[in-house]
Amino acid sequence: MKLIQELMKKEKLVVILLFGLLLMIVALPVKEKKDQEMPEEEKESENTFQEADWQEKMEERLTQVLEQVEGIGDTEVFLTCSGTEKKVVEKDETESVYEKDARGNQSPYVVQEQYPQVTGVLIAAKGGDNPMVVQNIREAVQALFQVEPHKIKVMKMN
């Protein structure tokens with residue numbers, strides 16, 4: 001009887017309960033985190049997709065703007081680009097600086113994004129037979145993409 005009373009003292013009872021709780025926590029299944037690093041093939045395809053996505057957005061936006069200008073009419077735009085999109089990461093001496101989101105996930109702190117360089121532009125426009133329209137289109141493309149005039153081709157659309 002004294003043995004049971006001795007075991008039932010508050011301190012010992014708390015220790016036994018905490019030990020049982022610890023065993024239950026250890027026995028619970030744990031979800032494995034997926035490897036945050038993508039395979040090299042997926043990274044390359046993602047970069048290609050981002051580059052194409054950026055290029056398509058620029059083509060669509062240029063088409064929208066040119067179609068609003070008097071005398072140009074309907075347009076189709078094709079851009080050629082060199083390089084890929086680059087993200088410049090902040091570094092503290094030799095190590096990258098990371099930022100945490102609300103969930104605690106870490107990602108490198110991006111200081112700057114560099115988009116692909118436009119190397120050539122082809123534009124088919126309804127008003128492509130008018131020399132003033134062609135000149136206006138060339139000047140607009142030069143201002144937007146810093147492309148040399150001989151790398152911009154404007155043609156009349158059917």
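Note that this is a predicted model, so its numbers are computed, not measured.

J.: Describe in detail the sheet that holds strand β8 (residues 117-125), supporting the description with residues and values.
T.: The mixed open sheet is built from three strands, whose spatial order is β1-β8-β9. Since the sheet does not close on itself, it has two edges, and those belong to β1 (75-82) and β9 (152-156), each with one partner. On average, each strand axis in the sheet is inclined to that of its neighbour by 15°, with strand direction left out of account. Where helix α4 (residues 131-145) meets the sheet, it contacts β1, β8 and β9, and its direction lies at approximately 145° from that of β9.

J.: I'd love a proper account of the nonpolar core, names of residues and values included.
T.: Among the nonpolar cores identified, the biggest contains 19 residues, and V118, I123, I137 and V141 are the most heavily contacted of them. Elements with a minimum of two residues in this core: α3 (40-68), β1, β8, α4 and β9. Among the elements that line this core, the one with the most residues is α4, at five residues.

J.: Now, about the pattern of salt bridges: what can you tell me, with residues and values included?
T.: When the charged atoms of two side chains lie near each other, side chains of opposite charge can form a pair. Evaluation of the coordinates by the stated rule reveals one salt bridge. One salt bridge connects D53 with K57, and the closest N-O pair in it is separated by 3.7 Å. Here the residue D53 and the residue K57 both occupy positions in helix α3, the gap between them amounting to four residues, near one helical turn.

J.: Outline the pairing of β9, listing residues and values.
T.: Two strands pair when backbone bridges link them, and β8 and β9 are joined in this way by five bridges, in the parallel orientation. Note on β9: the bridge partner recorded for A125 is K156. The parallel pair β8 and β9, bridged by α4, forms a crossover whose chirality is right-handed.

J.: Would you mind going over the side chain of T75 in detail, with residue names and values included?
T.: Note that T75 resides in strand β1. In contact with T75, other than residues within four places in its own chain, are T63, L66, E67, A124, A125 and M157.

J.: Can you lay out a nonpolar patch on the surface for me, pointing to particular residues and giving the numbers?
T.: On the surface, a cluster of nonpolar side chains totalling about 380 Å² of accessible area is made up of V14, L18, L21 and I25. Along the chain, L18 falls in helix α2 (residues 10-27).

J.: Hey, could you go over the environment of P116 for me, with residue numbers and the actual values?
T.: If you trace the backbone, P116 turns up in the loop between β7 (110-114) and β8. With 30 residues separating them in the primary sequence, P116 and K86 have C-alpha atoms 8.0 Å apart.

J.: Outline unusual backbone geometry, supporting the account with residue identities and numerical values.
T.: Its identity as a non-glycine residue notwithstanding, Q146 has a phi of 50°, on the positive side. Relative to the helices and strands, Q146 is located in the loop between α4 and β9. For Q146, a relative accessible area of 61% gives the class exposed.

J.: Account for α2, naming residues and giving values.
T.: Structural remark: α-helix, 3.6 residues per turn; residues separated by three or four positions point the same way. For α2, which comprises 18 residues, the first-to-last C-alpha distance of 26 Å matches the rise-based estimate of 26 Å (1.5 Å per residue) to within 8%. Of all the 18 residues making up α2, zero are buried; the element is thus mostly uncovered.

J.: I'd like to hear about the side chain of T63, residue by residue, with values.
T.: Within the secondary structure, T63 sits in helix α3. Under the relative-accessibility criterion, T63 is labelled buried at 15%.

J.: Which residues make up the environment of V134, and what are the values?
T.: With respect to the helices and strands, the residue V134 is situated in helix α4. When the C-alpha atoms of V134 and I152 are compared, they prove to be 10.0 Å apart, with 18 residues separating the residues in sequence. Excluding residues that lie within four positions of it along the chain, V134 makes contacts with G128 and V154.

Conventions and cut-offs
Residues numbered from 1 in each chain as written. Predicted model: local features only at pLDDT ≥ 70, side-chain atom pairs only at ≥ 80, totals over all residues. Heavy atoms only, no water. Pairing = 2+ DSSP bridges. Helix = DSSP H or I, 4+ residues; strand = E, 2+ residues; numbered from the N terminus. Axes fitted to C-alpha atoms, helices over the stretch in contact; angles between N-to-C directions. Contact = heavy atoms within 4.5 Å. Core = buried A, V, L, I, M, F, W, Y, C linked by side-chain atoms within 4.5 Å. Buried < 20%, exposed > 50% of the residue type's maximum accessible area, 1.4 Å probe, protein only. Salt bridge = Lys/Arg side-chain N within 4 Å of Asp/Glu carboxyl O. Right-handed = clockwise from strand over helix to strand, strands pointing away. Patch = residues over 30% accessible without salt bridge, like charges linked within 9 Å, V, L, I, M, F, W, Y side chains within 5 Å. Areas by Shrake-Rupley, 256 points an atom, 1.4 Å probe, with all protein chains shown as cover. Expected span 1.5 Å × (residues − 1).

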